[in-house]
Amino acid sequence: AASAQVQLTVPVAVVFAPGSMPEDLPRPLPFRDVQEMEISVNLRTSITARYEMVYRSTTAQEEAALDAASAREADAALHLLQDTLSGSLTVYVVPEISSLLPQGISIYVGKHRSALVRARGGLAALRTRLQQLTQVMSFTASSIAAALSDRLPDGQLGPDARRHLKSSLGYEITFSLLNPDPKSHAVDWDIEDAVNRYVQPVLDKLSLVANFSVDSQILYYAVLGVTPRFDKESSSFLLSTHSLPHVINPVEARLGSSAASLYPVLNFLLYVPERSHSPLYIQDKDGAPVSTNAFHSPRWGGIMVYNVEAPASPQASLPLHVDVDMVRVMEVFLAQLRLLFGLSREELPAEFLLESPGNEGLADWELDRLLWAHTVENIATVSTTLTSLAQLLDKIGNIVIKDDVASEVYRAVASAQSAMAKLTTGHLHLAFQASKEAVTSSERAFFDPSLLHLLYFPDDQKFAIYIPLFLPMAVPILLSLAKIVREARQHKKEPTKMD
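Cut-off values and rules
- Residues numbered from 1 in each chain as written.
- Predicted model: local features only at pLDDT ≥ 70, side-chain atom pairs only at ≥ 80, totals over all residues.
- Heavy atoms only, no water.
- Buried < 20%, exposed > 50% of the residue type's maximum accessible area, 1.4 Å probe, protein only.
- Helix = DSSP H or I, 4+ residues; strand = E, 2+ residues; numbered from the N terminus.
- Pairing = 2+ DSSP bridges.
- Domains from an automatic or database assignment.
- Buried area = accessible area lost by both parts, 1.4 Å probe.
- Salt bridge = Lys/Arg side-chain N within 4 Å of Asp/Glu carboxyl O.
- Polar contact = N/O pair within 3.5 Å; in protein donor to acceptor, adjacent residues only side chain to side chain.
- UniProt positions renumbered as here; feature names shortened; annotations may be inferred.
- Bend = angle between axes of the 7 residues up to and from the residue.
- Contact = heavy atoms within 4.5 Å.
- Core = buried A, V, L, I, M, F, W, Y, C linked by side-chain atoms within 4.5 Å.
- Phe/Tyr/Trp six-rings, centres within 6.5 Å; stacked < 30°, edge-to-face > 60°.
- Axes fitted to C-alpha atoms, helices over the stretch in contact; angles between N-to-C directions.

A. The pairing of strand β7 (residues 170-179), seen in detail. In terms of burial, β7 is largely enclosed, as 10 of its 10 residues are buried. With burial as the criterion, each face of β7 is covered, one bearing Gly 170, Glu 172, Thr 174, Ser 176 and Leu 178 and the other bearing Tyr 171, Ile 173, Phe 175, Leu 177 and Asn 179. Here β7 pairs with strand β9 (residues 211-220) via 10 bridges, running parallel. In the sheet register, Tyr 171 faces β9, and the bridge partner there is Phe 212. By the bridge criterion, seven bridges tie β7 to strand β12 (residues 265-271) in an arrangement that is parallel.

B. Up close: the domain arrangement of the protein chain. Taken domain by domain, the protein chain holds domain 1 (6-148 + 347-355), domain 2 (170-341) and domain 3 (366-455). Using C-alpha coordinates to define each centre, domain 2 is positioned 37 Å away from domain 3. Across the domain 2 to domain 3 interface the summed buried area is about 720 Å²; carbon plus sulfur atoms make up 66%. The tally of links from domain 2 across to domain 3 stands at one salt bridge. For Glu 366, the salt bridge is made with Arg 338, and the minimal N-O distance between the two is 2.6 Å. The tally of links from domain 2 across to domain 3 stands at one residue pair in polar contact (both at pLDDT 80 or more).

C. Layout of the UniProt feature "transmembrane region" (unreviewed entry) in the protein chain. The sites that UniProt annotates as "transmembrane region" (unreviewed entry) are residues 463-485. Secondary structure across residues 463-485 divides into 100% helix and 0% strand, with the first and last C-alpha atoms of the span separated by 27 Å.

D. Inspection of helix α5 (residues 191-206) at higher detail. Its axis deflected by about 50° at Val 199, α5 carries its strongest bend there, up to four residues before the proline Pro 201. Ile 191, Ala 194, Val 195, Val 199, Val 202, Leu 203, Lys 205 and Leu 206 are the residues of α5 that are buried. For α5, the secondary structure elements touched by its buried residues are β7, β9, α7 (326-340) and α8 (364-395).

E. Expanded view of the nonpolar core. Phe 175 and Phe 341 are the most contacted members of the largest nonpolar core, which totals 87 residues. The dominant element in this core, judged by the number of residues it contributes, is α8, at eight residues. Not counting the four nearest positions on each side in its chain, Phe 175 is found in contact with Trp 189, Ile 191, Val 195, Val 199, Val 214, Asp 215, Ser 216, Gln 217, Phe 268, Met 330 and Phe 333. Among the nonpolar cores identified, the runner-up in size contains 20 residues, and Val 226, Val 247, Trp 300 and Val 305 belong to it.

F. Focus on the pairing of strand β16 (residues 320-323). Burial along β16 is one-sided: Leu 320 and Val 322 are buried, while His 321 and Asp 323, pointing the other way, are not. Relative to β16, strand β8 (residues 185-188) runs parallel, the two being bridged by four bridges. Considered in β16, the bridge of Asp 188 is made with Asp 323.

G. Region of the structure containing the packing of aromatic side chains. Following the criterion strictly, the structure yields 13 aromatic pairs and no others. With centroids separated by 6.2 Å and ring planes inclined at 15°, the aromatic side chains of Phe 16 and Tyr 55 adopt a geometry described as stacked. Of this pair, Phe 16 sits in strand β1 (residues 4-16) while Tyr 55 sits in strand β3 (residues 45-57), and the two are 39 residues apart along the sequence. Members of the aromatic cluster, each reached through a chain of ring pairs, are Phe 16, Phe 31 and Tyr 55.

H. Region of the structure containing the side chain of Ser 98. Checked against the element boundaries, Ser 98 lands in the loop between β4 (89-94) and β5 (107-109). When its relative accessible area of 15% is taken as the criterion, Ser 98 is described as buried.

I. Representation of the sheet that holds β7 in the model. Pairing is mixed in the open sheet, where five strands are placed in the order β9-β7-β12-β15-β14. At either margin of the open sheet sits one strand with a lone partner, and together these are β9 and β14 (294-297). Strand-to-strand twist of the sheet, defined as the mean angle between neighbouring strand axes without regard to direction, takes the value 15°. Alignment of β12 against strand β15 (residues 301-305), held across five bridges, turns out to be parallel. Residue pairing for β15: Tyr 271 is matched across the bridge by Val 305.

Here you go:
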């Protein structure tokens, strides 16, 4: 693909509370400082991360907000004072003796786009912390590399790079309850209420990223493709790690949702094992039972095994009525959803404290992390699509480009350039919207029916088709023409002989 130079600009405000200012500041507040970091992707793509720092003192309102009893209350109060753009960060430096941060914690990351940092040491120590913070709250070299995973050689990627879903304009989420033994178990799950209570708040937050549709189904007599192993010691059945990939294919044939879908489908399966294989536990690599009794498959979804308690008396009438505990199930599925979107929280140093996003499922800065990665991926996708289109047009000399196709190509290029310009100025939300428009236009152009290469034949193919049709008719015409020419020549010669 064509070379791309992308600059990701992160506006960072560093705000000093009274008594927190390092003594070695280079000049009086407020002042600006710029730090840059190169992210190496490949020879044709260079990405620069540019952190535009503004150092200033707190305003009276911010000081009042920092007088709150806890970091959580301070975060909520400060959020009301900020006019935060997507992608921007505000870091409040509080005095070392501040009681806002719990003991042993020196960096607190809130639910929105701000963090609290305990002042300790000089400016160099603060800069190190700021660098750690920006890596957590915006993007890292590895998160950008993962977004561009299709352009990188496999050896350069970490193990998680291909786990995350590719950027798309929409996603379909399907919750399926698999009951292989309806004679023994009558399973009830209130999926509608569970989706409204636990999944919808997360999807509302993610609606900025893409459109989501959710559906659910119950499949009877759908079995896993692997027979579990019976363990005498625990008198239970076990599924080992290496057999898990073989579970998905037979089940997927029954799901039948991805065939008709335009967008990537995420499958979340709740499997109630049949009575003859109960209880069923999933083992990890070391042979220990997995606490959630669930596993996930990158870019596909997740499966949770839900064991039913055996009836107390052997004479209990079948089928047993089972009410699924949706809170326990949704906790697992939401964790898997976060994992598939690359929102899982990495292991951080002990001095970090990350506020739980609560009901919304993800913090504002986590949404920004997703937007950074998806914007870069969208720009790369547009570049690849338009390059492929140009190569197709080069190959077929007689192809006809309609005006609407041409205008989609121009629109895609303009939108991609706009996205890159907005990234450079630090307007993440606008950059993401422009990158989405660029993807839409480039795909409309690429998949336009008038550009089907089957409609255009090379010249040698045309000759091969038409010569057998025209040759039989051409022979008598050519012979007649030759005869006319001969007679005309004789006509010219005859008068000279008479002289």
